[in-house]
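# Examination of the molecular architecture
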Amino acid sequence: MAKATKTVSAAEWLKARKRLLTKEKRFLKLQDALRAEQRALPRVKVVKPYLFQGPKGEVGLAGLFDGRTQLIVYHFMFTANQNAGCPHCSLRADGFNGVNIHLKQRDVTMVAVSRAPYAKLAAYQQRMGWTFPWYSSGDSDFNFDYNVSFSPEALAAGTTVFNFAKQHPGNSEREGHSVFVKDGKDRVFHTYSCYARGNESFNIHYHYLDLVPKGRHEGERGPFWVRRHDEYPP
């Protein structure tokens, strides 16, 4: 249960709220500075010819930009031996439909990429009622090169790298975001990636839960409660 708090008068509440507002403003300024550093990271030219399968057939990494110069890829956990996507990725993806139309106005395309065949992605997308662009990286190196998929051999040997450190990722598939930019010659550069709790900035549900008195209410179990949106009890 949430920790009990005092009941006070409206005047006392306002005084406490203003004290907290000062801290919130300080935090936002620090966050602005951090975001600027994220955008200022150096970039790496992508030289491997990755191929993806989508609704219009095969396309290269440059094609995922859909005519824009900036690309956000969400690494969605869904493999060939599964019939449904990860529940936690699915929760996050519930917010993708609405955001894309706005990102496009700022020269940004956002897509999801998974290893499952495109036919499976399309069937699951229809089930979930999603319309955002979703591509299959199939058996290519894309997910492995961006450290969200891990081979049985690497897991057994203890050579996996996850979240920029040599460590066991906890699963053969992990979630993440990667950002790319394209220049006028169709050259693509990798500018940013984040994993694990680095993804929390994009978890809208947690931002709301963090405001209510019970908070996330997960304890040490983590997000045990998450289901696909059509699997929650009525």
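Here the structure is a predicted model, which means the values were calculated and not measured.

What counts as what
- Residues numbered from 1 in each chain as written.
- Predicted model: local features only at pLDDT ≥ 70, side-chain atom pairs only at ≥ 80, totals over all residues.
- Heavy atoms only, no water.
- Helix = DSSP H or I, 4+ residues; strand = E, 2+ residues; numbered from the N terminus.
- Buried < 20%, exposed > 50% of the residue type's maximum accessible area, 1.4 Å probe, protein only.
- Contact = heavy atoms within 4.5 Å.
- Phe/Tyr/Trp six-rings, centres within 6.5 Å; stacked < 30°, edge-to-face > 60°.
- Lys NZ or Arg CZ within 6 Å of the ring centre and 35° of its normal.
- Patch = residues over 30% accessible without salt bridge, like charges linked within 9 Å, V, L, I, M, F, W, Y side chains within 5 Å.
- Areas by Shrake-Rupley, 256 points an atom, 1.4 Å probe, with all protein chains shown as cover.
- Salt bridge = Lys/Arg side-chain N within 4 Å of Asp/Glu carboxyl O.
- Lys, Arg positive; Asp, Glu negative; His and termini not counted.
- Charge placed at Lys NZ, Arg CZ, Asp CG, Glu CD.
- Pairing = 2+ DSSP bridges.
- Core = buried A, V, L, I, M, F, W, Y, C linked by side-chain atoms within 4.5 Å.
- Disulfide = S-S within 2.5 Å.

Quick look at the overall build of the chain now. Helix and strand counts for the chain stand at seven helices and 10 strands. Based on the C-alpha atoms only, the size of the chain along its principal axes is roughly 65 × 45 × 40 Å. Residue burial in the chain is summarised as follows: out of 234 residues, 35% are buried. Sequence separation of at least 24 residues holds for 61% of the intrachain contacts in the chain that already meet a minimum separation of 6.

Moving on, we get to the packing of aromatic side chains. This structure, assessed with the given rule, holds 21 aromatic pairs. Ring centres of Phe 78 and Tyr 124 lie 5.6 Å apart, and the angle between their planes is 80°; this geometry places the pair in the edge-to-face category. Taken together, the residues span a long stretch of sequence, with Phe 78 in the loop between β4 (70–75) and α2 (87–93) and Tyr 124 in helix α4 (residues 118–128) at a distance of 46 residues. You can call Tyr 124 buried: its relative accessible area is 2%. Taken together, the ring pairs in this structure connect Tyr 74, Phe 76, Phe 78, Phe 96, Tyr 124, Trp 130, Phe 132 and Trp 134 into an aromatic cluster. It is Arg 216 that lies over the ring of Tyr 206; its NZ or CZ is 4.0 Å from the centre.

Below, the discussion takes up a positive patch on the surface. On the surface, Lys 6, Lys 15, Arg 19, Lys 23 and Arg 26 cluster together into a positively charged patch. Topologically, Lys 23 is positioned in helix α1 (residues 10–39).

Quick look at the pairing of strand β3 (residues 57–60) now. Of the pairings in the sheet, the one linking strand β2 (residues 51–54) to β3 comprises four bridges and is antiparallel in character. Across the sheet, Leu 51 pairs through a bridge with Gly 60, a residue of β3. Between the end of β2 and the start of β3, which pair antiparallel, lie two residues.

Our next topic: the environment of Leu 41. Note that Leu 41 resides in the loop between α1 and β1 (44–45). In sequence terms Leu 41 and Tyr 192 are 151 residues apart; their C-alpha atoms lie 7.4 Å from each other. Other than its neighbours up to four places away in sequence, Leu 41 contacts Thr 191 and Tyr 192.

Judged by nonpolar contacts, the single largest core of 20 residues is most densely connected at Phe 52, Leu 61, Leu 64, Leu 71, Val 113, Phe 142 and Phe 180. Those elements giving two or more residues to this core turn out to be β4, β5 (108–114) and β10 (188–195). Residues in contact with Leu 64, not counting those within four places in the same chain, are Phe 52, Val 59, Leu 71, Thr 109, Val 111, Val 113 and Tyr 135. Grouped together as the second largest cluster of nonpolar side chains are 18 residues, Phe 78, Cys 89, Met 128 and Phe 132 included.

Mapping Arg 92 onto the fold places it in helix α2. Comment: no salt bridge for buried Arg 92; closest opposite-charge side chain is Glu 175, at 5.7 Å.

Take a nonpolar patch on the surface next. A contiguous nonpolar surface patch, about 470 Å² in accessible area, is contributed by Ile 204, Tyr 208, Leu 211 and Val 212. By the element assignment, Val 212 lies in the segment after α7 (204–209). You can call Val 212 partly exposed: its relative accessible area is 40%.

Take Cys 194: it is sitting in strand β10. Between the C-alpha atom of Cys 194 and that of Tyr 74, which follows or precedes it by 120 residues, the distance is 10.0 Å. Not counting chain neighbours up to four residues away, the residues in contact with Cys 194 comprise Gly 176, His 177, Asn 199 and Phe 202.

The tally for this structure, following the rule as stated, stands at 14 salt bridges. Of the charged contacts, one joins Asp 145 and Lys 48 as a salt bridge, the two residues approaching to 2.9 Å between their closest N and O atoms. Here Lys 48 lies in the loop between β1 and β2 and Asp 145 lies in helix α5 (residues 142–145), a separation of 97 residues in the sequence. Residue class for Asp 145 comes out partly exposed when judged on its relative accessible area of 33%.

On to the state of the cysteines. In this structure the tally under the stated criterion is zero disulfides. Sulfur of Cys 86: no disulfide; nearest cysteine sulfur belongs to Cys 89 and is 3.8 Å away. Looking at Cys 194, it has no disulfide partner, and the nearest cysteine sulfur is the one in Cys 89, 12 Å off. The exposure class assigned to Cys 194 is buried, which follows from its relative accessible area of 4%.

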